[in-house]
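The primary structure of each chain is shown beneath.
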Amino acid sequence: MSKLLAYVVPLFLLVATAVPSAPAQAITPGEASRFVSTLGDNAIAALGDESIDADQRQERLRGLLREGFALKGIGKFVLGRHWRAASKEQRARYLDLFESYILHSYGARFSQYSGETMRVVDEKDDRGKGRLVVSEIVRGDGSSLIVQWRVREGKGRLMIVDVVVEGVSLAITQRSEMAAVMQQKKGDIDALLDEIEGKVKDLR
């Protein structure tokens, strides 16, 4: 799984989620494909821009993350049932740390970007909830992998709510990992937040 993440996450900063959503608005066929393609092109351009430094690149990618993904839904889904137990202050701190962790945990991979390309190969209805965009990511050595992007419309814009890499949901994988940490912390949300904050500091 980590090998797949090494290629997909640097392109899209993907820690995307299967976020439970409100009834979806109808998305015009082809609209989701254009959305994913444009976001991908912008991410690749940022990764390949040698005129900016690492901090500028990271800020540009942060903007793309906020533009393309349902960040609040990401945090809520990954934290699972513990989200309901968290206070307003804990939720705000968690979401801030979660976003920072996404960026910094994969920051080291940015420098390893070696010209991977992505092309959309199909788009179809996703069980009446939105659109499923199927893409192929071609790596530098010529090998490829299939990545599916679940797209929904919310708050007047399109958002990616889940990513499935070679049949594996990144959302469910991260949720399982978070549950394991919370079990280790005996459900102590503040202890979890302190650990995430420590990891972010180490990665900076």
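Each remark here, short or long, concerns the structure printed above.
Residues numbered from 1 in each chain as written. Predicted model: local features only at pLDDT ≥ 70, side-chain atom pairs only at ≥ 80, totals over all residues. Heavy atoms only, no water.

Asks: What is the right way to look at the packing of aromatic side chains in this model?
Replies: For any pair of aromatic rings, the description consists of the separation of the ring centres together with the inter-plane angle of the planes. With the rule as written, the count across this model stands at 2 aromatic pairs. Geometrically, the ring pair formed by Trp83 and Tyr94 is edge-to-face, given 6.4 Å between the ring centres and 65 degrees between the ring planes. Of this pair, Trp83 sits in helix H5 (residues 82-85) while Tyr94 sits in helix H6 (residues 88-105), placing them 11 residues apart in sequence. Taking relative accessible area as the criterion, Trp83 reaches 8% and is therefore assigned buried. (Phe/Tyr/Trp six-rings, centres within 6.5 Å; stacked < 30°, edge-to-face > 60°. Helix = DSSP H or I, 4+ residues; strand = E, 2+ residues; numbered from the N terminus. Buried < 20%, exposed > 50% of the residue type's maximum accessible area, 1.4 Å probe, protein only.)

Asks: In this structure, what is going on with the pairing of strand E3 (residues 144-154)? I would like to understand it.
Replies: It is a general feature of regular strands that their side chains alternate between the two faces of the sheet. Summarising the sheet, strand E2 (residues 131-138) and E3 pair through 8 bridges and their orientation is antiparallel. Note on E3: the bridge partner recorded for Arg131 is Val151. Hairpin geometry of E2 and E3 is characterised by an intervening segment of 5 residues between the two adjacent antiparallel strands and by a positive phi of about 95 degrees at Gly142. Pairing geometry for E3 and strand E4 (residues 157-165), over 8 bridges, is antiparallel. Paired with Arg152 across the strands is Met159, a residue of E4. (Pairing = 2+ DSSP bridges.)

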